[in-house]
Amino acid sequence: MYNSGYFDVIVIGAGHAGCEAAHASAKLGVKTALITLNLLTIAEMSCNPAIGGIAKGHLVREVDALGGIQGIVADETGIQFRLLNKRKGPAVRSPRTQSDKALYRKIMREKLEGIENLDLIQGEIIEIIVEKSKVKGVLTEDGRFYECKCVILTTGTFLNGLIHIGEKKIPAGRAGEKPSILLAENLKALGYEIKRLKTGTPARVDKRSINFNKLERQSPDEIPTFFSFLTEKRKLPQIDCYITYTNEKIHEIIRKNRTRSPLFSGEIKGIGPRYCPSIEDKIIKFPHHERHQIFVEPEGLSTNEIYLNGFSSSMPLDVQYEIHKLLPGLENVHIIRPAYAIEYDFLPPTQLKETLESKLIEGLFHAGQINGTSGYEEAAAQGIIAGINAALKVKGEGEFLVGREMGYMGVLVNDLITMGVDEPYRMFTSRAELRLLFRIDNADERFTPLGRKIGLVDNTRWEKFLKKYETLRKLKRFVREKKIDKEEEKLIENFDKYEKLLKKGRNLSTLIKRPEAKILDFKKIFEKSNLKITEYLLEQLESDIKYEGYIKLQMEDREKLKKLKNEKIPENIDYDKIESLSNEMKERLKKFKPKNFEELKRMKGITPAAISIIYTYIKLFKKNGK
């Protein structure tokens, strides 16, 4: 064992959690090392080359607002920006971008290499050195010992990773990369409870072998919605994605060969993601579906590799080739890399504090898939929280706690450490009881002041933030005070829609509160305020005005729920009548029949939002004397 030096914080693994953790720790001024098996795969997009999605995009915005790095890199490497849930309310709209996979790795590494206090090291960690339940350092396979005060584990799927392709098993952390066997044994020896999960990835195919004329085109948004509050324009040209569908022939082949899938033969013991199942899982569990949507997504601007989103599989190679050629447009498909399933160890996150520090070992933090989560966005959110807390611990400056009342990051951490996971955890807007408040446009209002106080938010971001909210404050005052006169009616777009409303009152704030009103129809009136406005800022103003009453009610409900602890749930309550609950939740509730709200809160699979819905239903239930 050779003593190779000292670091305040060592991050093990350079995936999305590791990059965010290392960035935060080093930016806070402590000497940090990021140690990974292969420096060429920093920020590797092991599965879908995309960032964001429903609720996931919210997480990226919050990480960015706090001073993180994922959103910036996503914007610089985005090749198809789309805002999801456009037709729904602002609270559930979420950005997503297809990324240039190779460029994402390159840009992330360049940004990390430019950070003072951060060293990138290639090596395999086989042991965390612990003395008297406290971290002392780490040991690499080739004998290097690095002393440190804190370690952040971000091992992804590498702990005892095992790839499955039909009957074939390959020990690996990811295709072509060896797993971390000795580190997994070390963690077990340290006393951790360890469980297994499973995930998977689809085949990568050659775009030159696809007939795109048979596919549905999915175009990017004309005006992109970015992840970072710093980004003002896109850097890369935008591309189209496409959609194809499975069919009964594919379904029949999968049903016929189901026993050859390790998912159904019993070879795979780990629990897979319910919300992102393999294609064989979909066919068997949803036999009534005549077809399933498959998204055909390029992996970058300078590669022929295509990602088939929704077509992950653990089927044998011969079956994979057969079913791929039956997809419309892929009759002559060339598979570059086959699909596979992967099992890996994770450490149940109930073994962690709110800071993501271990309860067992002082100075040891966990972030990402090691905590049972799925997705680059969930990983980054955990990474920045762990990185901040490790740095604060080294500096003796207390703890950084994100409560679930603050945003999706708080919901994520609270869910993990209190409920644990029995399947790969994915963020949804329904998990947050205050989701009306947690919009993508106000993530900076909620997190940037915290990032500034900690030291992650630099002057450039802070000055931009102050200017934005000073303008927003003045706009709110303008709206409250402004009364539209007869002459100004000519400035209103789609005036016919507002003619009757104006007879009831001319206050601009009252008009905008109306459900049918669109703030951009009043853009020319706002221009008279002499304030520097953008459409984006006006839309945020509109959301603040329209949601004001609902947010107040949600906050009141939350306070009431805190006091509910032992309030009884009526025995004769009919959960099937509560339309807002998912069928899965209804089945759980009917099976376990919680007697009070304390039992309800502890039930797995029942979100805080669902608890709020049940509470409201019971109020009506009692009011009607049932």
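The coordinates are above.
In this report, we go over the structure that sits alongside the text.

### Quick word on the packing of aromatic side chains
- As enumerated under the stated definition, the model contains nine aromatic pairs in all.
- Note on Trp-462 and Phe-465: the rings are 5.2 Å apart at their centroids and 20° apart in plane angle, and the pair reads as stacked. Taken together, the residues span about one helical turn, with Trp-462 and Phe-465 both in helix H13 (residues 459–481) at a distance of three residues.
- Assessed through its relative accessible area of 11%, Phe-465 is described here as buried.
- On the basis of an interplanar angle of 50° and a centroid distance of 5.8 Å, the ring pair of Phe-478 and Phe-526 is categorised as tilted. Here Phe-478 is found in helix H13, whereas its partner Phe-526 is found in helix H16 (residues 523–526), with 48 residues between them in sequence.
- Residue Phe-478 is classed as buried on the basis of its relative accessible area, which comes to 16%.
- By relative accessible area, which is 0% here, Phe-526 ends up buried.
- Among the aromatic side chains, those forming a connected cluster through ring pairs are Trp-462, Phe-465 and Tyr-469.
- For Arg-258, the ring lying beneath its charged end belongs to Phe-264, and the centroid distance is 4.7 Å.

### Observations regarding the sheet that holds strand S13 (residues 204–206)
- With respect to topology, six strands assemble into an open sheet ordered S14-S15-S16-S17-S13-S18, the strand pairing being antiparallel. Across the chains shown, the open sheet's two edge strands, defined by having one partner strand only, are strand S14 (216–218) and strand S18 (335–337). Averaged over all pairs of adjacent strands, the angle between their axes in this sheet comes to 35°, without regard to strand direction.
- Note: strand S15 (residues 241–245) against strand S16 (residues 293–298), four bridges, orientation antiparallel. Among the inter-strand pairings, Tyr-242 is bridged to a residue of S16, identified as Val-296.

### Examining helix H1 (residues 16–27)
- Given a rise of 1.5 Å per residue, 12 residues ought to cover 16 Å, and the 17 Å separating the end C-alpha atoms of H1 matches this to within 8%.
- Residue Gly-29 follows H1 closely and has a positive phi angle near 90°.

### Focus: the nonpolar core
- Judged by nonpolar contacts, the single largest core of 76 residues is most densely connected at Met-108, Ile-384, Ile-388 and Met-409.
- If you tally residues by element for this core, the top one is helix H10 (residues 376–395), at 11 residues.
- Ile-388 has contacts with Ala-24, Leu-28, Leu-66, Phe-400, Ile-454 and Leu-456, leaving out every residue within four places of it along the chain.
- Counting 24 residues, the second largest nonpolar core, distinct from the first, contains Leu-501, Leu-508, Leu-511 and Phe-526.

### Concerning the pattern of salt bridges
- One pass over the full model with this rule turns up 57 salt bridges.
- Residue Asp-415 is joined to Arg-404 by a salt bridge in which the shortest nitrogen-to-oxygen separation is 3.0 Å. Taken together, the positions of Asp-415 in helix H11 (residues 408–419) and Arg-404 in the loop between H10 and H11 put the pair 11 residues apart, joining distant regions of the chain.
- Note on Asp-415: relative accessible area 2%, which makes it buried.
- Between Glu-489 and Arg-506 there is a salt bridge whose closest N-O contact spans 2.7 Å. Within this pair, whereas Glu-489 is found in the loop between H13 and helix H14 (499–504), its partner Arg-506 is found in the loop between H14 and helix H15 (508–513), the two being separated by 17 residues in sequence.
- Given the relative accessible area of 24%, Arg-506 is considered partly exposed.
- Salt bridges sharing partners connect three or more residues here, namely Glu-44, Lys-101, Arg-105, Arg-204, Glu-299, Glu-305 and Arg-337.

### Describing the pairing of strand S4 (residues 78–84)
- Extensive coverage of S4 is indicated by the burial of six of its seven residues.
- Of the strand pairs in this sheet, S4 and strand S5 (residues 94–99) are connected by six bridges, and their pairing is antiparallel. Counted as the bridge partner of Gln-80 is Gln-98 from S5.

### Thoughts on the pairing of S16
- In terms of strand pairing, S16 meets strand S17 (residues 305–309) through four bridges, oriented antiparallel. Considered in S17, the bridge of Glu-297 is made with Tyr-307.
- With antiparallel pairing between neighbouring strands as the criterion, S16 and S17 make up a hairpin whose turn holds six residues.

### Things to note about the sheet that holds strand S3 (residues 50–52)
- Taken together, three strands build an open sheet; the order of strands is S3-S5-S4 and the sheet is antiparallel. Single-partner strands in this sheet number two, and they are S3 and S4. Strand-to-strand twist in this sheet, taken as the mean axis angle between neighbours without regard to direction, amounts to 15°.
- Relative to S5, S3 is paired through three bridges, and the arrangement is antiparallel. In the sheet register, Ile-51 faces S5, and the bridge partner there is Thr-97.

### Brief notes about unusual backbone geometry
- Positive phi, close to 80°, is recorded for Asn-117, a residue that is not glycine.
- As for its position among the elements, Asn-117 is in the loop between helix H4 (101–113) and strand S6 (118–122).
- With relative accessibility at 33%, the residue Asn-117 sits in the partly exposed group.
- A positive phi angle, near 50°, is found at Lys-132, a position not held by glycine.
- Looking at the secondary structure, you find Lys-132 in the loop between strand S7 (125–131) and strand S8 (134–140).

### Some points on the packing of helix H2 (residues 56–66) against H10
- Where H2 meets H10, the closest approach of the two axes is 8 Å, and the angle between their N-to-C directions is 25°. On the basis of their axis angle, the class for H2 and H10 is roughly parallel. Seen along the crossing, H2 lies across H10 with a hand that is left-handed. Residues Lys-56, Leu-59, Val-60, Val-63 and Leu-66 of H2 lie in contact with H10, whose contacting residues are Glu-377, Glu-378, Ala-380, Ala-381, Ile-384 and Ile-388.
- Its residues placed into classes, the contact of H2 with H10 shows eight nonpolar, no polar and three charged.

### Thoughts on the environment of Glu-599
- Structurally, Glu-599 is set in helix H19 (residues 597–602).
- Once the C-alpha coordinates of Glu-599 and Lys-568 are considered, the two residues, 31 residues apart in sequence, prove to be 9.7 Å apart.

About the cut-offs
- Residues numbered from 1 in each chain as written.
- Predicted model: local features only at pLDDT ≥ 70, side-chain atom pairs only at ≥ 80, totals over all residues.
- Heavy atoms only, no water.
- Phe/Tyr/Trp six-rings, centres within 6.5 Å; stacked < 30°, edge-to-face > 60°.
- Helix = DSSP H or I, 4+ residues; strand = E, 2+ residues; numbered from the N terminus.
- Buried < 20%, exposed > 50% of the residue type's maximum accessible area, 1.4 Å probe, protein only.
- Lys NZ or Arg CZ within 6 Å of the ring centre and 35° of its normal.
- Pairing = 2+ DSSP bridges.
- Axes fitted to C-alpha atoms, helices over the stretch in contact; angles between N-to-C directions.
- Expected span 1.5 Å × (residues − 1).
- Core = buried A, V, L, I, M, F, W, Y, C linked by side-chain atoms within 4.5 Å.
- Contact = heavy atoms within 4.5 Å.
- Salt bridge = Lys/Arg side-chain N within 4 Å of Asp/Glu carboxyl O.
- Parallel < 35°, antiparallel > 145°, perpendicular 65-115°, else oblique.
- Left-handed = near helix turned anticlockwise from the far one by under 90°.
- Nonpolar A, V, L, I, M, F, W, Y, C, P; charged D, E, K, R; others polar.

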